[in-house]
Amino acid sequence: MSAAAAEPIADTTAIAPDAEVKPSEPVADAQATAEASEEPAQESSETAAAAPSARRSSRISAQPAKETAKPKKPAAPKNQRKRTVDEAQEEEGEGAEKNGTASKKTKTVVPDIPSIDIGDPLPTLTLKNEKDEDVDVSKLAAEKGVVVFLVPKADTPGCTTQACGFRDVYADFSGLGYDVYCLSADTTTAQSKWQSKKNLSYSLLSDPKRVFIAALGAAEKNKTKRSHFIFEKGTGKLVDKKNPVKPADSPTLALEFIKQHGSSPMEGTATTNEEASAAPKDANGHADAPATEVADAPPAEKAEAEPVPMET
């Protein structure tokens, strides 16, 4: 019984190698099957990966349409530009007042200040001087004649030449009975600094809105023409003007005009009236006629000729 039992054991051991070989085939088949199944899976995954990429590309191509559909972005810069322009205009207006330049609103002349030409008096206008004091323009020539010279901008080369020229001959103007004023659109602060820097011996008038400057015909496109104007003592009438004029020529021409014309016509008229009032008057209040020398009359000729003696 033990031998019979041993045979089946031997058989099982013999069969075992076959059994090991047979199962190996299904394993290979399983691996092939798995690989085959993995290939479609990979293909499907690749297809799936390609599909989103295609979807993404379509979305990317659709993005510009979404950007163009946003009207807020172009609208915001427009509003911002408007604000910037408005703010810039306000800043320019403030800068114009500080630097002596006029804005568009100050181009027109005030209706109460008409144009001033030869024979017209100084206007009724109040301006500030370099000390920020009020100056009545209409009374500048009440006691002396007046020379008003205009400069485009304080403390610039050409304007400094003109201003220093009037400074150097200021004593000559004063000796002839004339005051000198510098007129510009600069602020009183800028004029005060310029006066101290160059030792200007006369007063400076600030006309930031170019009211007086425009009335004199020296305003052009928010700029001031270099010029000078001479006003008569007492009446304040304009008797001479040079518009435009060169910086170095302005003081010389103004002084030559005053020297050539001497005292103003107003002063000459006053002197004549004083002399007339001081002349002696008769009983009726009329001035006596001035005495005149009468030349000796020639001896009168005889009216009748001597009688001729008659012949006998």
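Rules of the game
Residues numbered from 1 in each chain as written. Predicted model: local features only at pLDDT ≥ 70, side-chain atom pairs only at ≥ 80, totals over all residues. Heavy atoms only, no water. UniProt positions renumbered as here; feature names shortened; annotations may be inferred. Helix = DSSP H or I, 4+ residues; strand = E, 2+ residues; numbered from the N terminus. Buried < 20%, exposed > 50% of the residue type's maximum accessible area, 1.4 Å probe, protein only. Contact = heavy atoms within 4.5 Å. Areas by Shrake-Rupley, 256 points an atom, 1.4 Å probe, with all protein chains shown as cover. Pairing = 2+ DSSP bridges. Axes fitted to C-alpha atoms, helices over the stretch in contact; angles between N-to-C directions. Right-handed = clockwise from strand over helix to strand, strands pointing away.

An unreviewed UniProt entry lists the protein under the name thioredoxin-dependent peroxiredoxin, with Marasmius crinis-equi given as the organism. The record in UniProt for the protein states the following under Catalytic activity (unreviewed entry): "a hydroperoxide + [thioredoxin]-dithiol = an alcohol + [thioredoxin]-disulfide + H2O". Under the heading Sequence similarities (unreviewed entry), UniProt records this for the protein: "Belongs to the peroxiredoxin family. BCP/PrxQ subfamily."

### Side note on the overall build of the protein
A count of helices and strands for the protein gives eight helices and nine strands. Residues classed as buried in the protein amount to 26% of the 312 residues present. Contacts in the protein between residues at least 24 apart in sequence constitute 64% of all its contacts with a sequence separation of at least 6. Just so you have it, the protein exposes about 21500 Å², and 54% of that area is on carbon and sulfur atoms.

### Details of the sheet that holds strand E1 (residues 126-129)
Strand order across the open sheet formed by seven strands is E2-E1-E5-E4-E3-E8-E9, with mixed pairing between neighbours. If you trace the sheet from one side to the other, it starts and ends with strand E2 (134-136) and strand E9 (238-242), each paired once. Strand after strand, the sheet turns through a mean of 30° between neighbouring axes, direction not considered. Taken together, the four bridges between strand E4 (residues 178-184) and strand E5 (residues 203-206) define a ladder with parallel strand orientation. Across the sheet, Ser184 pairs through a bridge with Ser206, a residue of E5. Where helix H5 (residues 188-198) meets the sheet, it contacts E1, E4 and E5, and its direction lies at approximately 160° from that of E5. Along the sheet face, helix H7 (residues 249-261) touches strand E3 (145-150), E4, strand E8 (227-231) and E9 and points at about 20° away from the line of E8.

### Some remarks on the pairing of E5
The two faces of E5 match: Ser203 and Leu205 on one face and Leu204 and Ser206 on the other face are all buried. In the sheet, E1 pairs with E5 via two bridges, with the strands oriented antiparallel. Among the inter-strand pairings, Asn129 is bridged to a residue of E5, identified as Leu205. Following the chain from E4 across H5 to the adjacent parallel E5, one finds a crossover that is right-handed.

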